[in-house]
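The residues making up each chain are set out below.
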Amino acid sequence: MAFIFATFLSVPASAQSFIGEGFNTAIEAVQDGIDLIWPGRANQEGTSVRLGFGLGLTPDYMGSNNYSMRIVPLIDIKYKDLIQLNGSRLSYNLWNKGNLTAGPLLNIRFGRDARQNSVLEGFGDIGDTFEPGAFIRYQTKAAMISAEYRHGTGAGIGSSVLITAGHGIYKNGRFSAMLAARARWMDRKTMQTNFGLTEAQSQASTLGLPAFTASAGVAEANANLVGSFELNETIRLLGLISYGKLLDAAADSPIVSGEHGSDTQIITGIGLAIAF
């Protein structure tokens, strides 16, 4: 598990930009609620592993109005009810009482490559960084709600809070579906790194975008419809449609507003996951 987690950091920036920050965020919604549409691991002894990949159409960066195909690995490794590697997030259930769990987490936040889109030319890259934090989660067989606090250790990333709620909405034979809603708050530092423009960046902008100072606020909210089709006992075909809006300072950013971007973010994707 530690090897897989460390491997994320060895991926070069060009490959990480191929994953795409928007698609990686949407995949979090899929993996957070996957137990609602792929049950069977509650109170399981030993280690359970689900691996696969997802392919989707996603904005070039958060706030872009240009879309590209991206790929992301699907990784879900769980040891008993204690440790879970879910995508780029490693968590430990320090406190477990009934349907309620809480504990520390460590997430890898992927950066942004300025070469992804001409709007970003002259801004410089946003690097990858670790985000230690904590989570609390309540889950039943049909529903879940969670809250996470994360704080970046570098790359100009500060604090953020992520709220996720999901519920299974349909099941018929081999097909099941869930709906998940998410909202993310960012502090001033994180918002400025993602959506602000310094005077130097403004002068270097090939499009002549103005300087912009971002403030803390709710950066994004989205709704995610996830479907699962059981090919056999161990293989699932997954589908995702995500509709999101950028809010507050994120929506007012020059890289989002006007002709160069959009506060509406739509992501569609498919994936294949195998349980071992």
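Parameters and conventions
Residues numbered from 1 in each chain as written. Predicted model: local features only at pLDDT ≥ 70, side-chain atom pairs only at ≥ 80, totals over all residues. Heavy atoms only, no water. Helix = DSSP H or I, 4+ residues; strand = E, 2+ residues; numbered from the N terminus. Buried < 20%, exposed > 50% of the residue type's maximum accessible area, 1.4 Å probe, protein only. Contact = heavy atoms within 4.5 Å. Areas by Shrake-Rupley, 256 points an atom, 1.4 Å probe, with all protein chains shown as cover. Salt bridge = Lys/Arg side-chain N within 4 Å of Asp/Glu carboxyl O. Phe/Tyr/Trp six-rings, centres within 6.5 Å; stacked < 30°, edge-to-face > 60°. Patch = residues over 30% accessible without salt bridge, like charges linked within 9 Å, V, L, I, M, F, W, Y side chains within 5 Å.

A. Focus on the overall build of the protein. When you go through the protein residue by residue, the secondary structure sums to seven helices and 13 strands. Looking at the protein as a whole, 50% of its 276 residues qualify as buried. Considering only contacts in the protein between residues 6 or more positions apart, those separated by 24 or more positions represent 62%. Summed over all atoms, the accessible surface of the protein reaches about 12200 Å², with 63% contributed by carbon and sulfur.

B. Examining the pattern of salt bridges more closely. Per the counting criterion, the structure on display carries eleven salt bridges. Between Asp76 and Arg50 there is a salt bridge, with the nearest N and O atoms lying 3.9 Å from each other. Here the residue Asp76 occupies a position in strand β2 (residues 67-79), and Arg50 occupies one in strand β1 (residues 47-59), the gap between them amounting to 26 residues. Exposure remark for Arg50: the relative accessible area of 5% places this residue in the buried category. The residue Arg184 makes a salt bridge to Glu220 at a minimum N-O spacing of 2.8 Å. Of this pair, Arg184 sits in strand β10 (residues 175-186) while Glu220 is found in strand β11 (residues 217-230), placing the two residues 36 residues apart along the sequence. With respect to class, Arg184 is no different from Glu220; both count as buried.

C. Molecular detail of helix α5 (residues 188-195). Counting buried positions along α5 yields six of eight residues, so the element is predominantly enclosed. Buried within α5 are the following residues: Thr190, Met191, Gln192, Thr193, Asn194 and Phe195.

D. Structural detail: the packing of aromatic side chains. Under the definition given, this model contains one aromatic pair. On the numbers, 5.9 Å between centres and 55° between planes, the contact of Tyr170 with Phe175 is tilted. Assessed through its relative accessible area of 44%, Tyr170 is described here as partly exposed. Classification of Phe175 as partly exposed rests on a relative accessible area of 34%.

E. The arrangement of the side chain of Ser176 in detail. Position of Ser176 relative to the elements: it lies in strand β10. Residues in contact with Ser176, not counting those within four places in the same chain, are Ile37, Tyr170, Lys171, Val226, Gly227 and Ser228.

F. The environment of Ile235, seen in detail. Of note, Ile235 is situated in strand β12 (residues 235-246). Sequence separation between Ile235 and Phe276 is 41 residues, and the spatial gap between their C-alpha atoms is 9.4 Å. Discounting residues that sit within four places of it in the chain, Ile235 has contacts with Phe229, Glu230, Leu272, Ala273 and Ile274.

G. A look at unusual backbone geometry. Even without glycine at this site, Lys80 takes up a positive phi of about 50°. One can find Lys80 in the loop between β2 and β3 (83-86). Positive phi outside glycine occurs at Ala155, with the angle close to 60°. Locating Ala155 in the fold gives a position in the loop between β8 (143-151) and β9 (159-172). According to the relative accessible area criterion, Ala155 is partly exposed, its value standing at 33%.

H. Quick look at a nonpolar patch on the surface. The grouping of Ile169, Tyr170, Phe175, Leu179, Leu225, Phe229, Leu231, Leu237 and Ile241 at the surface amounts to a nonpolar patch, some 790 Å² of accessible area in total. Looking at the nonpolar patch, the elements that each hand over two or more residues are β9, β10, β11 and β12. Tracing the sequence through the fold places Ile169 in strand β9.

I. Spotlight on the environment of Ile34. Here Ile34 is to be found in helix α4 (residues 34-37). Residues Ile34 and Ser228 lie 194 residues apart in sequence; the distance between their C-alpha atoms is 9.0 Å. When near neighbours in sequence (up to four residues on either side) are disregarded, Ile34 contacts Arg50, Asp76 and Leu238.

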